[in-house]
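Analysis of the macromolecular model
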Amino acid sequence: MHGSSPASWTAVLLALVGFAVGGVGLIPEPNWLIFTIGCVLALIAAPVGWVMGRVGLGAKDH
């Protein structure tokens, strides 16, 4: 079973914040520093979720 765990919520929220920050960095003129920060946040979401799952914060198997 997957989902509804602190690890998955954290990963999804990090990805959403990363996409939002990256999008804001492109409006109205591209600000490449803010865009890069958003990309980094979105990219680290998966490893952070995986690590949190491995330390016991993922969904439990039934």
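Each remark here, short or long, concerns the structure printed above.
Residues numbered from 1 in each chain as written. Predicted model: local features only at pLDDT ≥ 70, side-chain atom pairs only at ≥ 80, totals over all residues. Heavy atoms only, no water.

Approximately 35° is the largest bend angle found in helix H2 (residues 32-57), and it occurs at Ala-45, with the proline Pro-47 only one to four residues beyond. Residues of H2 that are buried: Gly-38, Ala-45, Gly-49 and Met-52. Summarising the contacts, the buried residues of H2 are in contact with helix H1 (6-24). (Bend = angle between axes of the 7 residues up to and from the residue. Helix = DSSP H or I, 4+ residues; strand = E, 2+ residues; numbered from the N terminus. Buried < 20%, exposed > 50% of the residue type's maximum accessible area, 1.4 Å probe, protein only. Contact = heavy atoms within 4.5 Å.)

Attention now goes to the packing of aromatic side chains. Two numbers describe a pair of aromatic rings. These are the distance of the centres and the angle of the planes. Under the defined criterion, the tally for this structure stands at 1 aromatic pair. Relative to Phe-35, the ring of Trp-32 lies with its centre 5.7 Å away and its plane at 90°, an arrangement referred to as edge-to-face. With a gap of 3 residues between them, Trp-32 and Phe-35 both fall in helix H2, about one helical turn apart. Relative accessible area serves as the criterion here: at 25%, Phe-35 is assigned to the partly exposed category. (Phe/Tyr/Trp six-rings, centres within 6.5 Å; stacked < 30°, edge-to-face > 60°.)

Another aspect to go through is the packing of H1 against H2. For any two helices packed against each other, the geometry is given by the interaxial angle and the distance between the axes. H2 packs onto H1 with a crossing angle of 175° between their chain directions and a minimal axis gap of 7 Å. In terms of their interaxial angle, H1 and H2 are classed as roughly antiparallel. For the contact of H1 with H2, a count of residues per class yields 18 nonpolar, 6 polar and no charged. (Axes fitted to C-alpha atoms, helices over the stretch in contact; angles between N-to-C directions. Parallel < 35°, antiparallel > 145°, perpendicular 65-115°, else oblique. Nonpolar A, V, L, I, M, F, W, Y, C, P; charged D, E, K, R; others polar.)

It is worth spelling out the environment of Gly-22 at this point. As for its position among the elements, Gly-22 is in helix H1. Contact partners of Gly-22, with chain neighbours within four places excluded, come to Ile-34, Phe-35 and Gly-38.

Attention now goes to a nonpolar patch on the surface. Taken together, the side chains of Trp-9, Val-12, Leu-13 and Leu-16 make up a nonpolar region of the molecular surface, amounting to roughly 430 Å² of accessible area. Structurally, Leu-16 is set in helix H1. (Patch = residues over 30% accessible without salt bridge, like charges linked within 9 Å, V, L, I, M, F, W, Y side chains within 5 Å. Areas by Shrake-Rupley, 256 points an atom, 1.4 Å probe, with all protein chains shown as cover. Salt bridge = Lys/Arg side-chain N within 4 Å of Asp/Glu carboxyl O.)

In the segment running from Ile-27 into Pro-28, the intervening peptide bond is cis, with an omega of -15°. As for its position among the elements, Pro-28 is in the loop between H1 and H2.

A word on the environment of Ile-34. Looking at the element boundaries, Ile-34 is found in helix H2. Classification of Ile-34 as partly exposed rests on a relative accessible area of 33%. Between the alpha carbons of Ile-34 and Val-21 there is a distance of 6.8 Å; along the sequence they are 13 residues apart. The residues contacting Ile-34, other than those within four sequence positions of it, are Val-21, Gly-22 and Gly-25.

Taken by themselves, the reported measurements are silent on function.
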